[in-house]
Amino acid sequence: MNLRSFLEQMETKGKILHVKDEVSTRFEIPFIIEKSVNEGPILLFEKLKNHKTKVVANVCGTRKRICEALDIDQNKLYNRLVEAWRSPRKPQIIEDGLVKEVIEKPDLSKIPILTHFEKDAGPYITSAVIHAKSVDGSVENVSVHRLQVLDKRHLAIRLVPRHLYKLWQIAKEANKDLDISISIGVHPAVMLAASSPVPFGVNEFDVANVLMDKSLRLVKCEHVDAYTPAEAELVLEGKISAGSEVVEGPFVDITGTYDVERMQPVVEVVGFMHREDYVYQAVLPSGSEHRLLMGLPREVLIWKSILKVVPKVHAVNLSLGGSGWFHAIVSIEKQLEGDGKNALLAAFAAHPSLKHAVVVDSDIDIYDISDVEWAIATRFQASEDLIIIENVRGSTLDSSADQKTGLTTKMGIDATCPLTKPKERFERAKTPVNKHIEGLASKLLGE
Ligand code: MN
């Protein structure tokens, strides 16, 4: 299982749009991705100005596709992720792999790295899966980071104070640069594992291996002490400097607004390996793929948290309009009055960046925003069913939050049917037809 085998699978299902017209990595490809993102196909750009390489985008752009990559039904996805987080298994390390077909001197200008938006600081790598070890070798970590191209051999890396940041701090205290592998073009399971909120000390490659039915294979890099998937499209070998920092940004984050500029460490690129005819993978900042990869693992945390207070949680959607991060829609099987509000509190506790949450009954399609709005219109009373919590910690990604303290106001909407009023008043009218007519309608009108 690798990116290419997944693309072949999607090709047979007609889910790849081949772009044969010549396009530029500078604004043109990002513009086309942006126009297509919501539930759109995978895009394969085959003819680039100034590059011989192909660019693939929107690989994990829909929930359905992520499930297809893991070969699982959507209703089993959360359980599958929880199981992989709980019992990670070491992948096999092999001597040689397809990613080592070509080993050459690094030159970032030869790679079709995209320049996305008008005010961006420059070209950015956005699909980088980064592996590193602690100085003493006891801890390994894999995570996704954006990388700004500084010149042919240097990148600036955005390190949010999480696990890779911690490994870098430890190396810095020992006066050492931190070796990293930067893998680009990997199977969706590796992307999803690298975005998972597992604790410090868990190697996300081990999580990916479980998601891939133990078929992940790693190879050791040539110039640094780090590993990469043996069948990655390309890998940059790098060292995060212990002493050198630069201004990183401006760059667009998950909300589609510009993140602030910060001093961030420099990565020296010391090696470059790739498949002979490698495909470069792009992820559009703030596109549905970016939002899904960040949001989906958080949905699992919200789901697990609400399950502790309400016996049955149907589904969770960190909706795309909420940037896949700030808005949760949750459907539950309500048993007692008050379940809706308890579910809201549990959702806020599970995901500190969550700002607005809506709880509905299981007859509402939480992926259809009109349906959710209908539930609010017919089942919700603001004087009784609204929760407002002031001055709690949110996310500075939210432009309206206090940018210094991160404090924000959270709102919860309980749009479940009140059990104190007659049930029939909330029932949605149905037309009783048989399977034949249902089939006919979907044939005539599409799904
Ligand atoms: Mn980690």
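Residues numbered from 1 in each chain as written. Predicted model: local features only at pLDDT ≥ 70, side-chain atom pairs only at ≥ 80, totals over all residues. Heavy atoms only, no water.

Caption draft 1: Main features of the coordination of the manganese ion. Within the protein, the atoms that donate to the manganese ion are Asn 141 (OD1), His 163 (ND1) and Glu 204 (OE), at distances of 2.1 to 2.2 Å. The sequence motif formed by the donor residues of the manganese ion is N-x21-H-x40-E. Of this pair, His 163 sits in helix 5 (residues 163-173) while Glu 204 sits in helix 7 (residues 204-211), and the two are 41 residues apart along the sequence. Exposure class is identical for His 163 and Glu 204. Each is buried. (Donors = N, O, S within 2.8 Å, 3.2 Å for Na, K, Ca; no water. Helix = DSSP H or I, 4+ residues; strand = E, 2+ residues; numbered from the N terminus. Buried < 20%, exposed > 50% of the residue type's maximum accessible area, 1.4 Å probe, protein only.)

Caption draft 2: Structural view of the sheet that holds strand 3 (residues 54-57). A sheet is described by the order of its strands in space; here 4 strands give the open sequence 1-2-3-16, paired in mixed fashion. One side of each edge strand has no neighbouring strand; the edge strands of this open sheet are strand 1 (16-19) and strand 16 (279-282). Adjacent strand axes in the sheet meet at a mean angle of 25° when their direction is disregarded. Inspection of the sheet shows strand 3 paired to strand 16 by 4 bridges, in the parallel sense. By the bridge assignment, Lys 54 is partnered in strand 16 with Val 279. Along the sheet, helix 2 (residues 28-36) makes contact with strand 2 (42-45) and strand 3, crossing strand 2 at roughly 160°. (Pairing = 2+ DSSP bridges. Axes fitted to C-alpha atoms, helices over the stretch in contact; angles between N-to-C directions. Contact = heavy atoms within 4.5 Å.)

Caption draft 3: Quick peek at the domain arrangement of the chain. Split into domains, the chain comes out as domain 1 (3-276) and domain 2 (289-426). Computed over C-alpha atoms, the centres of domain 1 and domain 2 are 31 Å apart. With 26 residues of domain 1 in contact, the opposing surface of domain 2 contributes 24 residues. Approximately 2,300 Å² of surface area, both sides summed, lies buried where domain 1 meets domain 2, with 67% of it carried by carbon and sulfur atoms. Sorting the residues of domain 1 by area buried against domain 2 places Arg 63, Tyr 78 and Ile 254 first, and these three jointly supply 35% of that buried surface. Across the contact surface, domain 1 and domain 2 share 1 salt bridge. Taking the shortest distance from any N to any O, the salt bridge between Glu 299 and Arg 63 comes out at 2.8 Å. On inspection of domain 1 and its partner domain 2, the count reaches 10 residue pairs in polar contact (both at pLDDT 80 or more). Those elements giving two or more residues to the side of domain 1 that touches domain 2 turn out to be helix 3 (63-70), helix 4 (77-86) and helix 6 (188-194). Looking at which element gives the most residues to the side of domain 1 that touches domain 2, the answer is helix 4, with 6 residues. (Domains from an automatic or database assignment. Buried area = accessible area lost by both parts, 1.4 Å probe. Salt bridge = Lys/Arg side-chain N within 4 Å of Asp/Glu carboxyl O. Polar contact = N/O pair within 3.5 Å; in protein donor to acceptor, adjacent residues only side chain to side chain.)

Caption draft 4: Examining the sheet that holds strand 11 (residues 227-229) more closely. With mixed pairing, 3 strands are arranged side by side in an open sheet as 4-10-11. At either end of the open sheet lies a strand with only one pairing partner, and these are strand 4 (92-93) and strand 11. Here strand 4 pairs with strand 10 (residues 217-220) via 2 bridges, running parallel. Residue pairing across strands places Gln 92 opposite Arg 217, the latter belonging to strand 10.

Caption draft 5: Up close: the environment of Gly 271. Relative to the assigned elements, Gly 271 resides in strand 15 (residues 262-274). In this structure, the C-alpha to C-alpha distance between Gly 271 and Asn 75, residues 196 residues apart in sequence, is 42 Å.

Caption draft 6: The pattern of salt bridges, seen in detail. Scanning the model with the defined rule gives 25 salt bridges in all. Among the salt bridges present, the one from Arg 275 reaches Glu 233, with a minimum N-O distance of 3.8 Å. Taken together, the positions of Arg 275 in the loop between strand 15 and strand 16 and Glu 233 in the loop between strand 11 and strand 12 (234-248) put the pair 42 residues apart, joining distant regions of the chain. The exposure class assigned to Arg 275 is buried, which follows from its relative accessible area of 9%. With its nearest N and O atoms 3.1 Å apart, the salt bridge here joins Lys 355 to Asp 398. Of this pair, Lys 355 sits in the loop between helix 9 (339-350) and strand 19 (356-361) while Asp 398 sits in the loop between strand 20 (386-393) and strand 21 (407-414), placing them 43 residues apart in sequence.

Caption draft 7: Representation of a nonpolar patch on the surface within the structure. Residues Val 433, Ile 437, Leu 440, Leu 444 and Leu 445 make up a contiguous nonpolar surface patch of about 480 Å² in total accessible area. On the secondary structure map, Leu 445 appears in helix 12 (residues 435-445). (Patch = residues over 30% accessible without salt bridge, like charges linked within 9 Å, V, L, I, M, F, W, Y side chains within 5 Å. Areas by Shrake-Rupley, 256 points an atom, 1.4 Å probe, with all protein chains shown as cover.)

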